[in-house]
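Here is how the chains run, residue by residue.
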Amino acid sequence: MKSIDLTHEKVITMGDLAAAAQADTSELLVSESAVMTPSALEFTEQRRISVRRGAKAAAATSSPSGAIHDLFTSPEAEAVKEEICAVGRKLWQRQYVDGNGGNISYRIGPNEVICTPTLMSKADLRPQDLCMVDLTGKQLAGGRPRTSEILMHLEIYKEVPEAKSVVHCHPAHATAYAITGRVPPTCVIPEYEVFIGKVALSPYETPGTPEFARTVIPFVRHHNTVLLGNHGIVCWGDTVTHAEWYAEVVDTYCWTLMLAAQLGAPVSHITSDKAADLLAIKKKLGLPDPRHELKECELCDLPEIPGAIAIEPRPCGTPASLSSDEIEAIVQAVTDRVMAALQAKK
Ligand SMILES: [Zn+2]
């Protein structure tokens with residue numbers, strides 16, 4: 001393999017590639033922050049020349065440069081790149097990503113992750129547009145700079161060894177929940193219970209920053225889907241395709257709940273014993289859910305009845321009916337509140 005070292009260049013143009021054009025170059029070594037002009041990028045793609053970023057440091061280590069190149073161009077990596085491009089098109093077709101929004105990644109090695117580049121529509125991805133980074137976010141391969149939101153993906157891979165792929169997108173219905181600080185209730189639709197179940201909501205942070213990346217850490221071990229406060233969603237799975245399925249399941253669920261709310265009638269809930277059946281299926285499939293360890297009577301959220309006065313959930317095992325003293329206390333509390341409200345209006 002013939003390499004050309006361009007790590008001293010900040011901007012790489014066709015002029016810099018003149019030597020590569022004359023020789024059988026198969027690899028370019030460029031600095032981490034180097035920018036390639038569109039014609040230079042196209043040239044490397046046409047000639048199938050791999051672009052290795054941050055190469056100087058790597059070349060100085062015992063890790064042979066060829067190993068990274070071999071991994072990035074291996075049959076497994078090429079199949080993953082095709083799958084990422086197909087999933088990118090699905091996300092765009094389902095209107096889960098706008099502009100250059102959203103990002104997709106796959107952990108191909110213990111320290112290597114293939115990911116989408118920054119500033120590209122997920123509808124237009126081609127296998128040669130993808131990048132490879134290490135678990136610190138340093139770009140190892142690929143002509144385009146990696147997505148800035150890869151840092152969140154990497155936190156998930158470090159926290160959950162079972163996570164092989166991460167998909168982040170902005171589907172409108174699930175994001176509507178995320179911007180109102182709400183999570184959808186459980187025990188309404190079986191498919192949602194099995195594939196997603198209890199969803200988490202992480203606090204807002206500026207996208208692309210290490211602080212943003214860390215917001216998901218407390219949730220991802222027990223949840224394969226997290227609503228990102230004022231932002232969108234992130235899902236992890238054992239394959240790229242499965243991680244995208246979870247985005248579809250959670251968004252359709254949120255959409256269905258919104259439509260049901262417009263009917264003005266309360267939503268019926270699956271009973272706790274039937275929910276336990278669904279969780280047993282989920283456990284067999286190896287899918288995470290914080291409810292795996294709970295008692296049957298704790299599995300479902302209380303049904304929300306429009307206009308009802310919220311009462312604190314009763315501890316498991318206590319009788320469902322209220323004593324006359326308890327009823328008296330509730331009536332007194334409601335009366336006091338109504339009187340206070342009337343007094344305030346005067
Ligand atoms: Zn985003």
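Residues numbered from 1 in each chain as written. Predicted model: local features only at pLDDT ≥ 70, side-chain atom pairs only at ≥ 80, totals over all residues.

Caption draft 1: The overall build of the chain, seen in detail. Helices and strands together make up the secondary structure of the chain, namely 12 helices and 13 strands. Expressed as a percentage of the 346 residues in the chain, the buried residues total 35%. Counting only contacts in the chain whose residues sit at least 6 apart along the sequence, the fraction spanning at least 24 positions is 64%. (Helix = DSSP H or I, 4+ residues; strand = E, 2+ residues; numbered from the N terminus. Buried ≥ 20, exposed ≤ 12 C-beta atoms within 10 Å, placed from the backbone. Contact = placed C-beta atoms within 7 Å.)

Caption draft 2: Structural detail: the sheet that holds strand 5 (residues 50–53). Pairing is parallel in the open sheet, where 3 strands are placed in the order 1-3-5. Edge strands, defined here as strands with exactly one partner in the open sheet, are strand 1 (2–6) and strand 5. Each adjacent strand pair in this sheet contributes to an overall mean axis angle of 25°, direction not counted. Summarising the sheet, strand 3 (residues 25–30) and strand 5 pair through 4 bridges and their orientation is parallel. When the sheet's bridge partners are listed, Leu-28 is paired in strand 5 with Val-51. (Pairing = 2+ DSSP bridges. Axes fitted to C-alpha atoms, helices over the stretch in contact; angles between N-to-C directions.)

Caption draft 3: Here's a closer look at the nonpolar core. Ile-84, Ile-114, Ile-233 and Val-250 are the most contacted members of the largest nonpolar core, which has 69 residues in total. It is helix 10 (residues 240–263) that provides the largest number of residues to this core, a total of 7 residues. Split by domain, the residues of this core number at least three in each of domain 1 (2–72) and domain 2 (80–263). Core analysis: the second largest hydrophobic core is formed by 6 residues, Cys-187, Leu-278, Leu-299 and Cys-300 among them. (Core = buried A, V, L, I, M, F, W, Y, C linked by C-beta atoms within 7 Å. Domains from an automatic or database assignment.)

Caption draft 4: Highlighting the confidence of the model for the chain. Summary statistics for the chain give a mean pLDDT of 87 and a share of 89% for residues scoring 70 or more. Per-residue pLDDT stays below 50 along residues 57–64; that stretch engages in 4 contacts with residues further than four places along the chain or on separate chains. (pLDDT = per-residue confidence, 0-100.)

Caption draft 5: Representation of the environment of Ser-268. Here Ser-268 is to be found in the loop between helix 10 and helix 11 (272–284). On a C-alpha basis, the gap between Ser-268 and Val-188 in space is 6.9 Å, while along the polypeptide they are 80 residues apart.

Caption draft 6: Spotlight on the sheet that holds strand 11 (residues 200–202). Overall, mixed pairing links the 8 strands, which are arranged 9-8-7-6-10-13-12-11 in an open sheet. One side of each edge strand has no neighbouring strand; the edge strands of this open sheet are strand 9 (139–141) and strand 11. Within the sheet, the average angular offset between the axes of one strand and its neighbour, ignoring direction, is 25°. Looking at chain direction, strand 7 (residues 112–115) and strand 8 (residues 131–134) are connected through 4 bridges and run antiparallel.

Caption draft 7: Looking closely at the packing of helix 7 (residues 172–179) against helix 10. Here helix 7 crosses helix 10 at 75°, and the two axes come no closer than 7 Å. In terms of their interaxial angle, helix 7 and helix 10 are classed as roughly perpendicular. Here His-173, Ala-174, Ala-176 and Tyr-177 of helix 7 come into contact with helix 10, specifically with Val-250, Asp-251, Cys-254, Trp-255 and Met-258. When grouped by side-chain class, the residues that make up the contact of helix 7 with helix 10 number 7 nonpolar, 1 polar and 1 charged. (Parallel < 35°, antiparallel > 145°, perpendicular 65-115°, else oblique. Nonpolar A, V, L, I, M, F, W, Y, C, P; charged D, E, K, R; others polar.)

Caption draft 8: Broad picture of unusual backbone geometry. One non-glycine residue, Cys-187, lies in the positive phi region at around 65°. Along the chain, the position of Cys-187 falls in the loop between helix 7 and helix 8 (190–195).

Caption draft 9: Broad picture of the packing of helix 5 (residues 75–93) against helix 10. Packing of helix 5 against helix 10 leaves a shortest axis separation of 9 Å and a crossing angle of 15°. Considering their axes alone, helix 5 and helix 10 lie roughly parallel with respect to each other. The handedness of the crossing between helix 5 and helix 10 comes out as right-handed. The residues of helix 10 that touch helix 5, namely those facing Val-80, Glu-83, Ile-84, Val-87, Lys-90 and Leu-91, are Val-240, Thr-241 and Glu-244. Of the residues belonging to the contact of helix 5 with helix 10, the class tally is 5 nonpolar, 1 polar and 3 charged. (Left-handed = near helix turned anticlockwise from the far one by under 90°.)

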